[in-house]
Amino acid sequence: MSFENDESIIIGIDPGTVVTGYGLIRVEKSSYRAIDYGCIRPPSGYKLSDRYLVIFEGVCALLDKHQPGVLVVETQYVHKNVQSAIKLGMARGVTIVAAKSKGIPVFEYSPTTAKMSVVGNGRASKSQVQGMVQRLLDLSALPTPEDASDALALAICHAQRLNDYSTASREI
C-alpha cells in the first residue's frame, strides 16, 4: 500500500441524527493505530435541520484537525420506518458533503461488509465488533460508544481493502 502525504489517515463515520460515530486510524504498513474516536451528539432539543448543521460542523472540524486522506461512511439501509431512513440519509449526506467540500474522497461500505472485515462474520454483534476493534488497534479498553467502534470498523475495513485491490470499494 502506498500513500502520498497523509492519505495513511482514514476516518470512518457511522452517521446518525442522535449520535454520529467517528473513528480515525493511521495505517502503517499492515498495522493500524487509532488516532481519535468518539461521537458527535447534536442536542436532542435541536430542530432536525440544526442537528444536521452540528453534524456537518463536527465532521468538518475533525477533517481540519486530522487531515485524513479518505473518509469512509456506512451505506444507508432502509428499515420499515421510511422517515427514519430519510433522516439517516440526510445525516449521511452532510457527512459526504463535508468531505467533498475539502477535496477528500469518500468510500462506502455496508455494516455487513465492515463486520465481515473486522470480525469475520457479517452478522457479528456490536460487542463482538467492539472486542475485535479493541484487539486490532491494541486499545487498552473497549472503544465506546458503539457508534465510534462501528466507525473504527469502517476505517479498518477500508484499510484492509486497500491491500486487496480486487475487493476495494469504489469512490462515491
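Here, the structure is the one placed above.
A brief look at the structure comes next. None of these values were measured; they are calculated from a predicted model. (Residues numbered from 1 in each chain as written. Predicted model: local features only at pLDDT ≥ 70, side-chain atom pairs only at ≥ 80, totals over all residues. Heavy atoms only, no water.)

Details of the state of the cysteines
Applying the stated criterion to the full structure yields zero disulfides. Cys60 provides the cysteine sulfur closest to Cys39, a residue in no disulfide bond, and the two sulfurs are 18 Å apart. Residue classification places Cys39 among the partly exposed residues on the basis of a relative accessible area of 23%. (Disulfide = S-S within 2.5 Å. Buried < 20%, exposed > 50% of the residue type's maximum accessible area, 1.4 Å probe, protein only.)

With respect to the nonpolar core
Core analysis: the biggest nonpolar cluster contains 24 residues, and Ile10, Ile25, Tyr32, Val133, Leu137 and Ile156 have the highest contact counts within it. Only strand S2 (20-28), strand S3 (31-40), strand S4 (70-74), strand S5 (106-109), helix H3 (111-119), helix H4 (126-136) and helix H5 (146-163) provide two or more residues apiece to this core. Ranked by the residues each element gives to this core, the list is headed by H5, at eight residues. Aside from chain neighbours lying at most four places away, what touches Leu137 is Ile25, Tyr32, Arg33, Ala34, Leu152 and Ile156. With 21 residues, the next largest nonpolar core counts Tyr22, Ile55, Leu71 and Val106 among its residues. (Core = buried A, V, L, I, M, F, W, Y, C linked by side-chain atoms within 4.5 Å. Helix = DSSP H or I, 4+ residues; strand = E, 2+ residues; numbered from the N terminus. Contact = heavy atoms within 4.5 Å.)

Structural notes on the layout of surface pockets
What the largest pocket holds in volume is close to 320 Å³. Those elements giving two or more residues to the lining of the largest pocket turn out to be helix H2 (82-101), H3, H4 and H5. By residue class, the composition of the lining of the largest pocket is nine nonpolar, three polar and seven charged. (1 Å grid on protein atoms, 1.4 Å probe; cavity = no way out; pocket = protein on both sides within 12 Å on 5 of 7 lines; lining within 4 Å. Points joined across faces, edges and corners; volume = space filled by probe spheres on them. Nonpolar A, V, L, I, M, F, W, Y, C, P; charged D, E, K, R; others polar.)

Description of the sheet that holds S3
Pairing is mixed in the open sheet, where five strands are placed in the order S3-S2-S1-S4-S5. Each edge of the sheet is formed by a strand with only one pairing partner; in this case those strands are S3 and S5. In this sheet, neighbouring strand axes are inclined to one another by 25° on average, regardless of whether the strands run parallel or antiparallel. Summarising the sheet, S2 and S3 pair through nine bridges and their orientation is antiparallel. Bridging from a neighbouring strand, Ile25 pairs with Ala34 of S3. Where H2 meets the sheet, it contacts strand S1 (9-14), S4 and S5, and its direction lies at approximately 170° from that of S4. (Pairing = 2+ DSSP bridges. Axes fitted to C-alpha atoms, helices over the stretch in contact; angles between N-to-C directions.)

That's the geometry; what it means functionally is another story.
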